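Residue strings, one per chain:
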Amino acid sequence: MLNGERKTPRPLRWAMVGGGRLGQVGYKHRCGALRDNTAFALVAGAFDIVPERGREFGVNLGVDADRCYDDYRTLFAQEAQREDGIEVVSVATPNGTHYQITRAALLAGLHVICEKPLFFTSREAYEIKALAAEKNRIVGVTYGFSGHPLLLQMRAMIANGQIGEVRMVDLQYTHGFNATDEVDRLSDAQKWRIDPQISGPSFVLGDISTHTYYLSQLVMPQMQISELLCDRQSFIPSRAPLEDNALVMMRYANGAVGRMWASSVNAGAMSSQRIHIVGSKASLEWTDVNPSELSYQVQGQPNQTLYRGMPYLDETCNAWERLGALHTEGLTESWANIYLKFALAIDACNRGDRQALDQLVYPDIDAGIDGVRWIENCVRSADQGARWVAFE
Ligand code: NAI
């Protein structure tokens, strides 16, 4: 169980690019990184595409005015001149900027924590992986839901054979906020999401299904997709060629089958993400709207609900417990857990502790690459008229 006590020698000197006053995801990063006050210290940033607004915002967050920079290039260059310069940067900007900012950060010798979808192409992602290895730096990816402890319970139960052989994988991340085109006109954050120049080759596949795809890999790392078929639509025609709805069918190497529904036009839906794994003996189901409960359904037996924080859970799950059973945890604790993992990964990397790094389960560069590959394969299938394609 975690109690805020430090796990690394000292807080890492941390900066943000993006995540400014009007940004949607920036506060989630700060909630995660600063939760324990022992892993990260926010000391600098280029928080906003509008420099004055970013500077004012940074000062209001408690950052020194002379360390609130106009842009990321100045941030990296100026901080490199300081003895107490930043060691790690988080990138919380629109998708189309991730590659260039991450590359510049690694070249400046920084560890990087970047938003999903990581980049537009797997070629870029492999190039960044090689650069990170050359510079001996980590690249983490903020799959923000993946810190919920019960996902590690799922992982342990599937690995222990408690559901038998995996047969069916049922994944869903849907919401209805884009059911009409009104939000496309009103929200800046939505405008760039449907612009291929900034969003990349997909909308909902990259925006939301990459989260759920990573969760599926987290809970069943042994499962590999061999083929998939993706059908994607733009129910609001002006969003074409980017999709606001996608249905994907998967075939796995072990003979299992799966499906993913990603949608931002699931009108009226307020529950978002669901992961349901069916094995030969039993099933497990978890949703992010009720993250403290895991449904375990054994064929022929009464259904069970496993509760977060209880001693009967696997130790790999309870190691990431914070508040204890009965006391509600949510998305901020999940983000705090993944940020703590990033801190542990950076510390292990700095110490050259390869063993610790290899044992740490966290959304690393490979998880980011896999998310990009997932999008690429889905788009390739959809653009061939929803045909089965080999997962490359
Ligand atoms: P947004 O449009 O709401 O905010 C973007 C922020 O970045 C703004 O503060 C903007 O001023 C700033 N910005 C843009 N370009 C910049 C630049 N070159 N330098 C410095 N600042 C810059 O976007 P939102 O929704 O916050 O998404 C940002 C990223 O986070 C996207 O990649 C998105 O996919 C991802 N995201 C991830 C979530 C998660 O749960 N992990 C949730 C929401 C978004």
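Remember, it's a predicted structure, so these values are computed and weren't measured experimentally. (Residues numbered from 1 in each chain as written. Predicted model: local features only at pLDDT ≥ 70, side-chain atom pairs only at ≥ 80, totals over all residues. Heavy atoms only, no water.)

By secondary structure assignment, the location of Gly176 is in the loop between β6 (166-174) and α7 (182-186). Sequence separation between Gly176 and Asp84 is 92 residues, and the spatial gap between their C-alpha atoms is 46 Å. If we skip the residues at most four places from it in the chain, Gly176 touches Ser264, Val265, Asn266, Ala267, Gly268 and Ala269. (Helix = DSSP H or I, 4+ residues; strand = E, 2+ residues; numbered from the N terminus. Contact = heavy atoms within 4.5 Å.)

Think of a sheet as strands paired side by side through backbone hydrogen bonds, with each pair either parallel or antiparallel. Read across the sheet, nine strands follow the order β13-β12-β11-β10-β6-β9-β8-β7-β14 without closing on themselves; strand pairing throughout is mixed. Either end of the sheet is taken by a strand with one partner, and the two such strands are β13 (304-307) and β14 (389-390). The sheet contact formed by strand β8 (residues 245-252) and strand β9 (residues 257-263) spans seven bridges and is antiparallel. By the bridge assignment for β9, Met250 is matched with Gly258. Contacts from helix α14 (residues 365-383) reach β7 (225-233), β8, β9 and β14 within the one sheet, and its direction differs from that of β7 by about 60°. (Pairing = 2+ DSSP bridges. Axes fitted to C-alpha atoms, helices over the stretch in contact; angles between N-to-C directions.)

Let's shift gears to the site of the ligand. As a matter of local geometry, the ligand sits amid 27 residues, with Gln24, Asn95, Glu115, Trp192 and Arg193 nearest to it. Contact distances for the ligand include 2.9 Å between an oxygen atom and a backbone N or O atom of Gly20. Backbone polar atom of Ile49 to an oxygen atom of the ligand: 3.1 Å apart, as the coordinates give it. Here the ligand loses 88% of its free accessible area of 850 Å² to cover by the protein chains. Counting residues per element, the ones that place at least two in the shell around the ligand are β1 (12-18), α8 (188-193) and α10 (204-219). If one sorts the elements of the shell around the ligand by residue count, α8 sits on top with three residues. (Near = heavy atom within 4 Å. Polar contact = N/O pair within 3.5 Å; in protein donor to acceptor, adjacent residues only side chain to side chain. Areas by Shrake-Rupley, 256 points an atom, 1.4 Å probe, with all protein chains shown as cover.)

Let us now look at the packing of aromatic side chains. Using the criterion set out here, one finds twelve aromatic pairs in the structure. Relative to Phe342, the ring of Tyr339 lies with its centre 5.5 Å away and its plane at 85°, an arrangement referred to as edge-to-face. With a gap of three residues between them, Tyr339 and Phe342 both fall in helix α12 (residues 331-351), about one helical turn apart. Judged by its relative accessible area of 0%, Tyr339 is buried. An aromatic cluster is defined as three or more aromatic residues linked by ring pairs; in this entry it consists of Trp14, Phe40, Trp335, Tyr339, Phe342 and Tyr362. Geometry around Trp388 places Arg251 over its ring, the cationic atom sitting 3.7 Å from the centre. When the ring centre of Trp320 is taken as origin, the NZ or CZ atom of Lys341, which lies over that ring, is 4.6 Å away. (Phe/Tyr/Trp six-rings, centres within 6.5 Å; stacked < 30°, edge-to-face > 60°. Buried < 20%, exposed > 50% of the residue type's maximum accessible area, 1.4 Å probe, protein only. Lys NZ or Arg CZ within 6 Å of the ring centre and 35° of its normal.)

This paragraph deals with the UniProt feature "domain: Gfo/Idh/MocA-like oxidoreductase N-terminal" (unreviewed entry) in the chain. The feature "domain: Gfo/Idh/MocA-like oxidoreductase N-terminal" (unreviewed entry), as annotated in UniProt, sits at residues 12-143 in this numbering. Taken end to end, residues 12-143 comprises 39% helix and 20% strand; its first and last C-alpha atoms sit 20 Å apart. (UniProt positions renumbered as here; feature names shortened; annotations may be inferred.)

Here we come to the pattern of salt bridges. A complete count under the given rule lists 31 salt bridges for this structure. Residue Arg13 pairs with Glu87 through a salt bridge whose shortest N-O separation is 4.0 Å. Linking Arg13 in strand β1 with Glu87 in the loop between α3 (72-80) and β3 (88-92), this pair joins segments that are 74 residues apart in sequence. Owing to a relative accessible area of 24%, Arg13 belongs among the partly exposed residues under this scheme. It is possible to trace a salt-bridge network through shared partners that takes in Arg67, Glu79, Arg82 and Asp84. (Salt bridge = Lys/Arg side-chain N within 4 Å of Asp/Glu carboxyl O.)

With that settled, the discussion passes to the packing of helix α1 (residues 26-34) against α12. Relative to each other, α1 and α12 sit at 65°, their axes nearing to 7 Å. For the pair α1 and α12, the sense of crossing is right-handed. Residues Lys28, His29, Cys31, Gly32 and Ala33 of α1 form the contact with α12, whose participating residues are Leu331, Thr332, Trp335, Ala336 and Tyr339. Among the residues forming the contact of α1 with α12, the class breakdown is six nonpolar, three polar and one charged. (Left-handed = near helix turned anticlockwise from the far one by under 90°. Nonpolar A, V, L, I, M, F, W, Y, C, P; charged D, E, K, R; others polar.)

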